[in-house]
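# Structure at a glance
Listed below are the residues making up each chain.
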Amino acid sequence: QDVAKGSGVSFFDFVWQDLGVEQEEDPGLSSKNASVEDDVFNFIRVPLEAEKVLFFGFFLCADSLLFMLVYLPLRIIRAVLLLVIAPFRPQRPGLRFHRTQFYDLLRGFIILVAFLAVLRAPMSRIYHYVRGQTFMKLYVIFNMLDIFDRLMCSFGQDILDSLFYMTKTSPRAYVGITFRLILGSVYATLHTLLYFVRLITLNVAINSSSNALLTILISNNFVELKGSVFKRFAEQNLFQITCSDIVERFELFVFLMLTSLQHPASWSDFFYSSAVYVCACEFLVDWIKHAFITKFNRISYHAYRDEMEALCRDIAPVGTHKHPYANSQRLGVRPVDPTQAVAQRIGLATLPLTCVTLRFVWANAPHAFRENPFTAPNLVCAGLVFTCLLLLKTFINLMLRGHACAVLMSRERKILQRTSPRLSSLPSTPNEKELQKAIVAKHMQKISNLAGIRRYQIYKSRVPT
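A quick note: this is a predicted structure, and the numbers were derived from the prediction, not measured. (Residues numbered from 1 in each chain as written. Predicted model: local features only at pLDDT ≥ 70, side-chain atom pairs only at ≥ 80, totals over all residues. Heavy atoms only, no water.)

### Some points on the nonpolar core
Counting 92 residues, the largest nonpolar core has Phe196, Phe250, Ile346 and Leu353 as its most contacted members. The biggest single contributor to this core is helix H2 (residues 29-85), with 14 residues. Apart from the residues lying within four places of it in its own chain, the contact partners of Phe250 are Phe58, Cys61, Ala62, Leu65, Leu348 and Leu353. (Core = buried A, V, L, I, M, F, W, Y, C linked by side-chain atoms within 4.5 Å. Buried < 20%, exposed > 50% of the residue type's maximum accessible area, 1.4 Å probe, protein only. Helix = DSSP H or I, 4+ residues; strand = E, 2+ residues; numbered from the N terminus. Contact = heavy atoms within 4.5 Å.)

Quick look at the structure:
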């Protein structure tokens, strides 16, 4: 019997209703379907929007690494010349030795110490040691390297920031600067050795006849997926996860490029075999991870556009964008070079990565070049390579700045479109001015919350890995 009406229901009516025939339309069904459609659209759109941020961040990291490889040597040479010439020309303002040049010399010293230390590391001995380990030991080694890498990235960035601010604020505090310089050199050496072991382990995984190491590489990605998807994250935590994925992709690309130097005769086999599997797995896991994190935490795909704007604010020239961004201040202290902003925001360890890159390039250089690099043909060849890298770095930097300005102006245009249908640069009515002021304030507060987040910073009681 129907409890609500107290009337009986025949067997045929019951079957008829169960079959769904002549079922009444649910008034809330349309709104539920719209919500489901929005969720599905958001789920499909998230990988595309996340990929835009990851692609832009990849070239941010490339620009930062090329800065250390190309621009920093030129800045060190300029600093040395200024250090020699400045005492003889004290009245020339353009020939003063500034604190920035002092910091460049300190970074050059740290790179030299770490490079000479890793140059003495026996590559073949480490290679055969890793290759001879069992599956379980390799699994433990992989996880230990990953954990210590994240810890060293966080601690090393604090050391370098402390050295930078000590150099800028107290250049005559020789004891404090010396202590931080020694601490930075020890950190850079240890982190470079860790990268060196990771690179050799990746080389073993690709060269191994069995798929044990390759299986560990791929399984670690899915372990990361399991540890990230089923947790509660805010938009700021999602930004930290995106920055982590940017660094992982760039480091994987650099490691694969350096590993390919060990296979000069079979590059096609190298890139179309194991390297493709590792990269495809990395891309797939990132897409799935971001899609389900946004699904479970009810985060719109528009959050990735805010992340893009926060990254663009680090590299866009100040004062180049129109109203309302022309009057806004960039958050934080202006860095000495783009590498500092990238290191703080994304968490890329540029110094150790530069050292391990130089180590592998030097190990795979021709024997004649290593024996006597100062011959005329070797100097010409090195000069051509350096010039190509300089042009590549300049091109990437110009493209990043242009894209950053385009993104900021596009975001401004959308704000104006929401406030003024005429899309003018300045609203013409008082109501439009008040509405624009409120929308801009709300938007800039949201961007400021993202821009104030660093990669290795606790937010909402967690640091996403």
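### Observations concerning the pattern of salt bridges
Under the criterion given, the structure shown has 16 salt bridges. Asp146 is the partner of Arg150 in a salt bridge, and the nearest nitrogen-oxygen pair spans 3.4 Å. With a gap of four residues between them, Arg150 and Asp146 both fall in helix H5 (residues 135-169), about one helical turn apart. Overall, the relative accessible area of 16% leaves Arg150 in the buried class. Among the residues examined, Asp146 registers a relative accessible area of 31% and is labelled partly exposed. Here Asp286 ties to Arg249 by a salt bridge, and the two come within 3.1 Å at their closest N and O atoms. Linking Asp286 in helix H10 (residues 274-296) with Arg249 in helix H8 (residues 235-260), this pair joins segments that are 37 residues apart in sequence. Note on Arg249: relative accessible area 10%, which makes it buried. Here the salt bridges share partners, and the residues they tie into one network are Glu51, Asp245, Arg249, Asp286 and Lys289. (Salt bridge = Lys/Arg side-chain N within 4 Å of Asp/Glu carboxyl O.)

### As for the packing of aromatic side chains
Where two aromatic rings form a pair, the distance of their centres and the angle of their planes describe that pair. If you walk through the whole model with that rule in mind, you get 14 aromatic pairs. Between Phe55 and Phe59, the aromatic rings sit 4.9 Å apart at their centres with planes inclined by 70°, giving edge-to-face as the arrangement. Note that Phe55 and Phe59 are positioned in helix H2 at a spacing of four residues, about one turn of the helix. Note on Phe59: relative accessible area 28%, which makes it partly exposed. A ring pair is formed by Phe58 and Phe250, whose centres lie 5.5 Å apart and whose planes are at 70°; its orientation type is edge-to-face. One end of the pair, Phe58, is in helix H2; the other, Phe250, is in helix H8, and 192 residues separate them in sequence. On the basis of relative accessibility, which here comes to 19%, the residue Phe58 falls in the buried class. Phe250 sits in the buried class, given a relative accessible area of 2%. An aromatic cluster is defined as three or more aromatic residues linked by ring pairs; in this entry it consists of Phe55, Phe58, Phe59, Phe250 and Phe253. (Phe/Tyr/Trp six-rings, centres within 6.5 Å; stacked < 30°, edge-to-face > 60°.)

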